Amino acid sequence: MLLTRRRLILGAAAAVPIGVLALSRKESSMPTVTPEGPRRVREIERVVTAQRTSDGAGVNLNRILGGRELPMLDPFLLLDEFQSDNPNDYIAGFPDHPHRGFETVTYMLHGAMEHRDSVGNHGRLGPGTAQWMTAGRGIIHSEMPKQERGLMWGYQLWVNLPRKNKWRAPRYQDIPAEKIPERDLDGAHLRVVAGNAAASTGPVQGIDVEPLFLDLALTKGARFAHDLPAGHTAFVYIVEGALRVGPSKRELRRGQLAVLAPGESFEAHCDAEQGRGLLLAARPLGEPVARRGPFVMNTDDEIRQAFDDYRSGRLVGG
Ligand code: MN
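Every value quoted in this text rests on a predicted model; they were computed, and no experiment measured them.

A.B. asks: Give a detailed account of the overall build of the protein, specifying residues and quantitative values.
C.D. replies: When you go through the protein residue by residue, the secondary structure sums to 2 helices and 28 strands. For the protein, the proportion of its 318 residues judged to be buried stands at 42%. Of the contacts formed within the protein by residues at least 6 apart in sequence, a portion of 71% connects residues at least 24 apart.

What follows is the structure in structure tokens.
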């Protein structure tokens, strides 16, 4: 059913992989009219710039989402970028700390981190890996650099859980780099961490908010378009170079996040030397959010309970 609809939308471009439409430079990015009505390309609604801050035991990082300027984008709660070749910026790491009520996603581009937790999980996150951790009712873990020098470059995204699953058992999805599908389409290089793109399905599975997580790198002159569910929250964060996004083709540079307005597709092109961005989309939960430090619940009482449970050793186990 979905396949049929997508074929209609793609029309003459049905030869390209379902779900992805790589347009040539000459083609228009105007909305196309389908039997179901006009198809809106998502416009940039708002642009925010990453802010320098510190977290963990003294890790210097860029906070893009989850700070004062943009506290959250339901269901996304936080996006941090750590990128430094100065060990003083990252060596302190994130020693043992708790989480409850949401999911933490780590995506590494360079360098290595090591994680350990109260459930007995232990692993190394090297370049190109991803980890999707569902904290559920509670976990205590550490996230420490596994290097003493050199470039450390990665991301941490927080994704909310619906009320009904905030008390589920914790779960890890550790994804080695080679399990993340990579595709090349007319100057666009794609890594599919979660969701579907370029006839590939990302390895992260079973997440409540049906996320799309794409790492998208365009060379000069390349264009990329991708269907997005109309009701899903979506944003793009530029990690390298510059991309032009949406019908207005506004240029976004490294360190900028664009919140995307409602619509059925995402379009970007690159007229800089290169441009690379993380494209994230997910179903908003529309539930009340109470958050403090490492806990994200629905009510202030539940936050107090989380702190009490942590202090008394009841956060994990049971
Ligand atoms: Mn953590």
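A.B. asks: Could you give an account of the environment of Asp 215, naming the residues involved and the relevant values?
C.D. replies: Note on placement: Asp 215 falls in strand 20 (residues 212–219). Not counting chain neighbours up to four residues away, the residues in contact with Asp 215 comprise Arg 191, Val 193 and Leu 278.

A.B. asks: Please give an account of the nonpolar core that cites residues and values.
C.D. replies: Ranked by internal contacts, the top residues of the largest apolar core, which has 76 residues, are Phe 76, Val 159, Leu 218, Phe 235, Tyr 237, Leu 279 and Leu 280. Counting residues per element, this core draws most heavily on strand 22 (residues 233–245), which supplies 9 residues. Mapped onto the domain boundaries, this core takes at least three residues apiece from domain 1 (51–178) and domain 2 (180–287). With sequence-adjacent residues up to four places away left out, Val 159 is seen in contact with Pro 75, Phe 76, Leu 77, Phe 102, Glu 103, Val 105, Val 209, Pro 211 and Ala 282.

A.B. asks: Would you mind going over the pairing of strand 9 (residues 102–110) in detail, with residue names and values included?
C.D. replies: Among the 9 residues that make up strand 9, 7 are buried, leaving the element largely enclosed by the rest of the structure. Direction of pairing for strand 9 relative to strand 14 (residues 152–160): antiparallel, over a ladder of 8 bridges. Note on strand 14: the bridge partner recorded for Glu 103 is Val 159. Where strand 9 meets strand 12 (residues 130–134), 5 bridges bridge the pair, whose relative direction is antiparallel. Following the sheet pairing, Thr 106 is matched in strand 12 by Gln 131.

A.B. asks: Hey, could you go over the sheet that holds strand 6 (residues 59–65) for me, with residue numbers and the actual values?
C.D. replies: Here 7 strands make up an open sheet; going across it, the order is 5-6-7-14-9-12-15 and the pairing antiparallel. This sheet does not close on itself; its edge strands, each paired only once, are strand 5 (51–55) and strand 15 (171–175). The mean inter-strand angle of the sheet, taken between neighbouring strand axes irrespective of direction, is 20°. Judged from the 3 bridges that link them, strand 6 and strand 7 (residues 76–84) form a sheet pairing that is antiparallel. Each bridged residue has a counterpart across the sheet, and for Leu 65 the counterpart in strand 7 is Leu 79.

A.B. asks: I'd like a description of the environment of Ile 303, backed by residues and values.
C.D. replies: Position of Ile 303 relative to the elements: it lies in helix 2 (residues 300–311). Taking the C-beta count within 10 Å as the criterion, Ile 303 has 19 such neighbours and is therefore assigned partly exposed. It is 6.9 Å that separates the C-alpha atoms of Ile 303 and Arg 291, two residues lying 12 residues apart in sequence. In contact with Ile 303, other than residues within four places in its own chain, are Ala 290, Arg 292, Phe 295 and Met 297.

Rules and cut-offs
- Residues numbered from 1 in each chain as written.
- Predicted model: local features only at pLDDT ≥ 70, side-chain atom pairs only at ≥ 80, totals over all residues.
- Helix = DSSP H or I, 4+ residues; strand = E, 2+ residues; numbered from the N terminus.
- Buried ≥ 20, exposed ≤ 12 C-beta atoms within 10 Å, placed from the backbone.
- Contact = placed C-beta atoms within 7 Å.
- Core = buried A, V, L, I, M, F, W, Y, C linked by C-beta atoms within 7 Å.
- Domains from an automatic or database assignment.
- Pairing = 2+ DSSP bridges.
- Axes fitted to C-alpha atoms, helices over the stretch in contact; angles between N-to-C directions.

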